[in-house]
Amino acid sequence: MTTDSRAGTGREHTGTVEVRPAAGHIGADVTGVDLARDLDEGTVAAIRQAVLRWKVVFFRGQRLDHAAHVALARRFGEPVVLPRRGSASPADFPEIETTADRLELGGRYGMDHDEWLRRRRHTVLRGWHCDHGARVDPPAATILRAETVPPYGGDTTWANLAAAYAGLSAPVRAFADRLRAEHRLGVGYQPRPGDDAYVRHLLDHQTATEHPLVRVHPETGERILFVNGYYVEQITGLSRPESRAVLEMLLEQATRPEYTVRLRWEPGTVAFWDNRAAIHLAPADTAHLGHPRIMHRVMLAGDVPVGVDGTPSLPLTGPAPGRW
């Protein structure tokens, strides 16, 4: 990959592909690529390198249908096939989950969408997550495309967990390197008073894993501060008050504005992110607008995280690696 000759631009070129950083630590716009076409090996390599470097990359004005979306994902890994999806997801493409399905979830458990969001994000940090972080093998990457978006609102924000780790002081990095934490489905959810149908669902379909608090990226070798607000329940070996204080500190570190980038979606925008090295915050400002927001997601199968000491994640309950 060659760097643009204009000093200070930070732009990188490979053939017709241009990578333009969108923020100081994370995010880049990629141009010169038609994702609906059969990409050559050089273009695939350039995109892969951009995702690894910038953690999330954005493509504007793309015209992908479901088949092209899945074909694109297969150039970079094995798409996950989810066993359960909502009615909005395309029946003929089991690799695609349509995020409009999320609007149905609250209704399944007796809540409107506003209450559903409030209970899942009852603190500022709770909404931040990697996709399926409670699994022993979270997805390696996610490719999300916008079909219909509201005229305003609906932005998504990502945070760079490698930069967040590097930004910690040396004593705190050394402390975190030795720790492990339990990630559990539904930790970020605040139950309703009395009987709660969603809590019963969680108990019947529980997934939990002990992950290293710092994982080593399998491709770049970077150390990743492996925390998120929606799944992390407890740091192993610490008391509840100690764990709560440490996790709050690390989550605040991970989501500092300088480690984030925010995307304003348009129809045809595609975001491709490294789910091993970034967490994201989905929007919570559109339910009252009365405008549809239809997004389609394909996730790529991931591996079992490994800590600084070489110890892999330990499954506590839930599906085995590779089983969805």
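Values in this document were obtained by computation on a predicted structure and should not be read as measured data.

A. Representation of the overall build of the protein chain within the structure. Looking only at helices and strands, the protein chain has eight helices and 18 strands in total. What you see for the protein chain is a C-alpha radius of gyration of 19 Å, in line with the 20 Å of a compact globule of 324 residues. Expressed as lengths along the three principal axes of its C-alpha atoms, the size of the protein chain is roughly 60 × 50 × 35 Å. Buried residues in the protein chain amount to 51% of all 324 residues. Here the analysis covers contacts within the protein chain between residues at least 6 apart in sequence; of these, 78% occur between residues at least 24 apart. Total accessible area computed for the protein chain in this model is approximately 14400 Å², and 51% of it derives from carbon and sulfur atoms.

B. The nonpolar core, seen in detail. Ranked by size, the top nonpolar core spans 30 residues in total, and within it Leu213, Leu225, Val227, Ile235, Leu250, Ala254 and Ile279 carry the most contacts. Once residues within four sequence positions are removed from consideration, leucine 213 is found in contact with Ala176, Leu179, Arg180, Ala181, Ile224, Leu225, Phe226, Val227, Ile235 and Leu250. Counting 28 residues, the second-largest nonpolar core is a separate cluster that includes Val17, Ala28, Leu39 and Ile47.

C. Layout of the pattern of salt bridges. Tallying each qualifying case throughout the model produces 23 salt bridges. One salt bridge connects aspartate 195 with arginine 200, and the closest N-O pair in it is separated by 2.9 Å. Taking the relative accessible area as the measure of exposure, arginine 200 reaches 43% and is therefore partly exposed.

D. Focus on the confidence of the model for the protein chain. Confidence in the prediction for the protein chain averages 91 pLDDT; 95% of positions are at 70 or higher. The model gives residues 1–7 a pLDDT under 50, and that stretch makes 15 contacts with residues more than four places away or in other chains.

E. Spotlight on the sheet that holds strand S14 (residues 260–263). The sheet built from three strands is open, its strands ordered S14-S8-S16 with antiparallel pairing. Both edges of this open sheet fall to S14 and strand S16 (278–281), since each of them pairs with a single strand only. Averaged over all adjacent pairs, the angle separating strand axes in this sheet is 20°, with direction ignored. Pairing of strand S8 (residues 156–160) with S14, which is carried by four bridges, proceeds in the antiparallel orientation. When the sheet's bridge partners are listed, threonine 157 is paired in S14 with arginine 262.

F. View of the environment of leucine 168. Along the polypeptide, leucine 168 turns up in the loop between helix H5 (161–166) and helix H6 (170–177). By relative accessible area, leucine 168 is classed as buried at 9%. With residues up to four places along the chain from it excluded, the contact list for leucine 168 reads Arg173, Leu225, Leu250 and Gln253.

G. How the structure looks around the sheet that holds strand S13 (residues 232–235). The strand order across the open sheet built from four strands is S13-S9-S10-S18, with neighbouring strands paired in antiparallel fashion. Either end of the sheet is taken by a strand with one partner, and the two such strands are S13 and strand S18 (314–317). Put simply, the sheet's adjacent strands are angled 25° from each other on average, direction ignored.

H. Quick look at the environment of tryptophan 265. The residue tryptophan 265 is located in the loop between S14 and strand S15 (270–274) in this model. Spatially, the C-alpha atom of tryptophan 265 lies 9.1 Å from that of arginine 145, the residues being 120 residues apart in sequence. Among the polar contacts listed, one links the side chain of tryptophan 265 to the side chain of threonine 156, at a separation of 2.9 Å.

Cut-offs applied
Counting of residues starts from 1 at the beginning of each chain's written sequence and follows it residue by residue. Selection of residues for local features in this predicted model requires a pLDDT of at least 70, selection of side-chain atom pairs for listing and counting requires 80 or more, and totals for whole chains, interfaces and linings are taken over all residues. Note: side-chain values were computed over all heavy atoms of the structure, leaving out hydrogens and water. Helix numbers and strand numbers start at the N terminus; a helix is a DSSP run of H or I with at least 4 residues, a strand a run of E with at least 2. Based on C-alpha atoms, the radius of gyration is set beside the globule rule, defined as 2.2 Å times the residue count to the power 0.38. The buried label goes to any residue with under 20% of its type's maximum accessible area, the exposed label to any with over 50%, and the partly exposed label to all in between, with areas taken from a 1.4 Å probe on protein chains only. The contact definition used throughout considers only heavy atoms, calling two residues in contact when any of these lie within 4.5 Å. A 1.4 Å probe and the Shrake-Rupley method give the accessible areas. Residues count as covered only by the protein chains that appear here. Side-chain atoms within 4.5 Å are what join buried Ala, Val, Leu, Ile, Met, Phe, Trp, Tyr and Cys residues into a set we call a nonpolar core. By definition, a salt bridge exists where a carboxyl oxygen of Asp or Glu is found within 4 Å of a side-chain nitrogen of Lys or Arg. As a per-residue measure, pLDDT reflects the predictor's confidence and takes values from 0 up to 100. When DSSP finds at least two bridges between two strands, those strands are taken to pair. Lines fitted to C-alpha atoms define the axes here, with helix axes fitted over just the stretch in contact, and angles between the N-to-C directions of these axes take values from 0 to 180 degrees. Two N or O atoms form a polar contact when they lie within 3.5 Å of each other; inside protein one atom must be a possible hydrogen donor and the other a possible acceptor, and for residues adjacent in sequence the pair counts only when both atoms belong to side chains.

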